[in-house]
Amino acid sequence: MATNPLDRRYALLGAVLIAPTILIFSAVIIYPLVSAIYLSLFTIFTPTLRGQWVGLGNYAELMASNEFWRSLANTFIWTVFTLTLQIVLGIAVALMLHQNMVFRSLARSLILFPYFVSTVVAVLVWRWLFNDLYGILNYLALISGLLQRPLDWLGSMPNAMISIVLVGAWKYFPFVVIAVLARLQSIPDQLYEAAKMDGAGPIARFFDVTLPQLKEVLVVVILLRAIWDFKEFDLIYLLTGGGPVISTQTLPLMVYKEAFGLNDMGRASAIAVSMMLVMLVFMVLYLRSAGRSEREGAR
Amino acid sequence: MKMVRRVAFNLFAWSVVGLVAFPLIWMVITSVKPQFELFRIPPTFLPETVTFEHYWTLIYDTPFLKYMRNSLLIAFGTTLVVIVVATLGAHSLVRFRYPGRERLAQLVLFTYLLPSVVLVLPLYLLMVWVGIANSLFSLVVAYTTFALPYALWLLRSFMQGIPDDLEAAALVDGATRMEAFIDVILPQALPGIISTSLFTFILAWNEYLFALVLVNTDEARPLTTGVMNMLISSFNIEWSLLMAASVMMSLPLVIIFAFLSSYLTRGFGAGGVKG
């Protein structure tokens, strides 16, 4: 390809500029990734880090373990429900912020804040809100007559799952707001004018004009959020720790528990690798759609 | 009629905003209430007495400031390393042609989606093996695993927005590629670099999992795991103290939101918001 000397020099300079990236990638991403797969073929006692080869034994055990399937199911339940809420809330709030309202930029900042705040902060605040004796949520629910007696938000099922889904939706829906709002601003007004002329009401306009225009951005947002929700660790670990027992334990939590609670890094790696295999489906879909939009953008 | 609808819509919209922001408002209110007021039934909405005692306790009687120093060092360190490496890398990916470039860009996107929980165990073993476990440096290294792909991807899309002609013009004027990069591309990319730095800083500031696994001394513990430790290790939970800690932990964000929000918006435009 690069035949003339200048082109070759440029290619070399390009390689030099990307070299630090490649070095770091190899050391802290590629090597650990390969290593994770390799580790999953051993049983490794965490405190001593002594290992023993078991081949695919870890995977065979996982396939036969109820806990693994339960955690996988939990991961899907959490992802599907919290993602759905995020999308619905995100679109609704984006439509709202797209209208004229007083102090709109302040409103926008307040809406975005949960997304940027540390998960630790979000969890502390919500655990205080959920507090069974002095929490404001129980108090409000009691005086408004919604509840007869205080609710155990995080310590019993199905409350615990509902609570993490709600907090997850609160924390991450601003991402959808940002993406949808940006797209809304670029929908040409003529489309709405034309729909109005045809006698479409606000609801019909939403389904016939807005939603089709949002379709592309929504596909990307749903895939990205599905990937990120699927691998969520902090929020669930800090809110319920997977409890009660393992009712809200998702796969990332199970990895952590196997590695540092039950002290088997090999098995933990096997769970992590299996989880990645499931995620690979979403990841490939996302890479495809990103590749497609990139090619279209280049055109 | 129109007026009534305006007012009604504004009332509705602001109650939604208030609802979303309520947990954070409640955090601030709780942090300035004296401890005994928390256990009042019915609860007081506005504090009867405003006190900053929890903030003083946090600063003088807990390792909070040490955690904060650690968090600042880690977040600034990560941002610095990642931004320098990613700016060079993104420039290479956008303006140079060499075999494997497209594959590399795809690899970046793939690593951007990779779950930390897969990398954390091998990284832990690696840190123990190299002998840097339990240090601030080990966290900076670990944070590059998610911050570098992210920054590369974001900067790449910023730099794609800079027209090719600018660099070409500089080259015609006799500048070398590196001179053109420094004199022409960098100033153009500066807003993008600032906004990527802010996002990277926030990511590093908020990280929890790596800090949990890789560090178990107060000497290197950042705020996220440090503050959670204060919750777990205390005999009875002092909520107002924890809320004060949460407020302090969110200060950098408030500063960024207040003074640099235009750079955040720019970052959203480039499609770079990670969760």
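Our structure's up above, just so we're on the same page.
A quick note: this is a predicted structure, and the numbers were derived from the prediction, not measured.

**Student:** Describe the side chain of Arg205 of chain A, with residues and values.
**Tutor:** All names here are of chain A. Take Arg205: it is sitting in helix 9 (residues 202-230). Among buried charged residues, Arg205 stands out as having no salt bridge; its nearest opposite-charge side chain is Glu193, 8.7 Å away. Aside from chain neighbours lying at most four places away, what touches Arg205 is Tyr192, Ala195, Lys196, Ala200 and Thr210.

**Student:** So what's going on with unusual backbone geometry? Residues and values would help.
**Tutor:** All names here are of chain A. Residue Met157 is joined to Pro158 through a cis peptide bond whose omega torsion reads 0 degrees. With respect to the secondary-structure elements, Pro158 resides in the loop between helix 6 (136-143) and helix 7 (159-184). The phi dihedral of Phe103 is positive, around 50 degrees, even though this residue is not glycine. Position of Phe103 among the secondary structure elements: in the loop between helix 3 (66-98) and helix 4 (104-116). Judged by its relative accessible area of 62%, Phe103 falls in the exposed class.

**Student:** Quick one: what's the story with the packing of helix 5 (residues 119-130) of chain A against helix 12 (residues 239-259) of chain B, residue by residue and with numbers?
**Tutor:** Running from N to C, helix 5 of chain A and helix 12 of chain B cross one another at 150 degrees; their axes reach a closest spacing of 10 Å. By the angle between their axes, helix 5 of chain A is roughly antiparallel relative to helix 12 of chain B. Crossing geometry of helix 5 of chain A relative to helix 12 of chain B is assigned as left-handed. Residues Val120, Val121, Leu124, Val125, Arg127 and Trp128 of chain A of helix 5 of chain A lie in contact with helix 12 of chain B, whose contacting residues are Trp239, Leu242, Met243, Ser246, Met249 and Ser250 of chain B. Taken together, the residues of the contact of helix 5 of chain A with helix 12 of chain B break down into 9 nonpolar, 2 polar and 1 charged.

**Student:** Tell me about the pattern of salt bridges, and please be specific about residues and values.
**Tutor:** All names here are of chain A. All chains considered together, the criterion is met by 9 salt bridges over all chains. With a shortest N-O distance of 2.7 Å, Lys257 and Glu67 are connected by a salt bridge. Within this pair, whereas Lys257 is found in helix 11 (residues 251-261), its partner Glu67 is found in helix 3, the two being separated by 190 residues in sequence. Note on Lys257: relative accessible area 28%, which makes it partly exposed. Taken together, the shared-partner salt bridges in this structure form one network comprising Glu61, Glu258 and Arg267.

**Student:** Outline helix 9 (residues 177-206) of chain B, listing residues and values.
**Tutor:** With 30 residues, helix 9 of chain B should cover 44 Å at 1.5 Å per step; its first-to-last C-alpha distance of 37 Å lies more than 12% under that length. Considering bend angle alone, the principal kink of helix 9 of chain B is centred on Leu190 of chain B and spans about 55 degrees; proline Pro191 of chain B follows within four residues of it.

What counts, and where the lines are drawn
- Residue numbers restart at each chain and count upward from 1, following the sequence in its written direction.
- Working convention: letters from A go to chains and numbers from 1 go to ligands, in the order in which they are written.
- Local features are withheld for residues below a pLDDT of 70 in this predicted model, meaning they are given only at 70 or higher, and side-chain atom pairs are given and counted only at 80 or more; totals for whole chains, interfaces and linings count all residues.
- Working from all heavy atoms in the structure, the side-chain values ignore hydrogens and water.
- Secondary structure elements are taken from DSSP: a helix is a run of H or I of four residues or more, a strand is a run of E of two residues or more, and numbering for both begins at the N terminus.
- Using a 1.4 Å probe on the protein chains alone, a residue whose accessible area is under 20% of its type maximum counts as buried, one over 50% counts as exposed, and one in between counts as partly exposed.
- When charges are tallied, Lys and Arg are placed among the positive residues and Asp and Glu among the negative ones, while His and the ends of the chain are skipped.
- The salt bridge criterion pairs a side-chain nitrogen of Lys or Arg with a carboxyl oxygen of Asp or Glu, the two atoms within 4 Å.
- Whether two residues touch is decided by their heavy atoms; if any such pair falls within 4.5 Å, the residues are in contact.
- Lines are fitted to the C-alpha atoms to define the axes, a helix being fitted only along its stretch in contact, and any angle between axes, read from their N-to-C directions, falls within 0 to 180 degrees.
- Angles are sorted into four bins: roughly parallel if under 35 degrees, roughly antiparallel if over 145, roughly perpendicular if 65 to 115, and oblique for all others.
- In this scheme, a crossing is called left-handed if the near helix is turned counterclockwise away from the far one by less than a right angle; it is called right-handed if the turn is clockwise.
- Residue type decides the class: Asp, Glu, Lys and Arg count as charged, Ala, Val, Leu, Ile, Met, Phe, Trp, Tyr, Cys and Pro as nonpolar, and the leftover types, Gly among them, as polar.
- Given a helix with a known number of residues, its expected span is that number minus one, times 1.5 Å.
- What is called the bend at a residue is the angle between a pair of axes, fitted to the seven residues leading up to and ending at it and to the seven starting from it.

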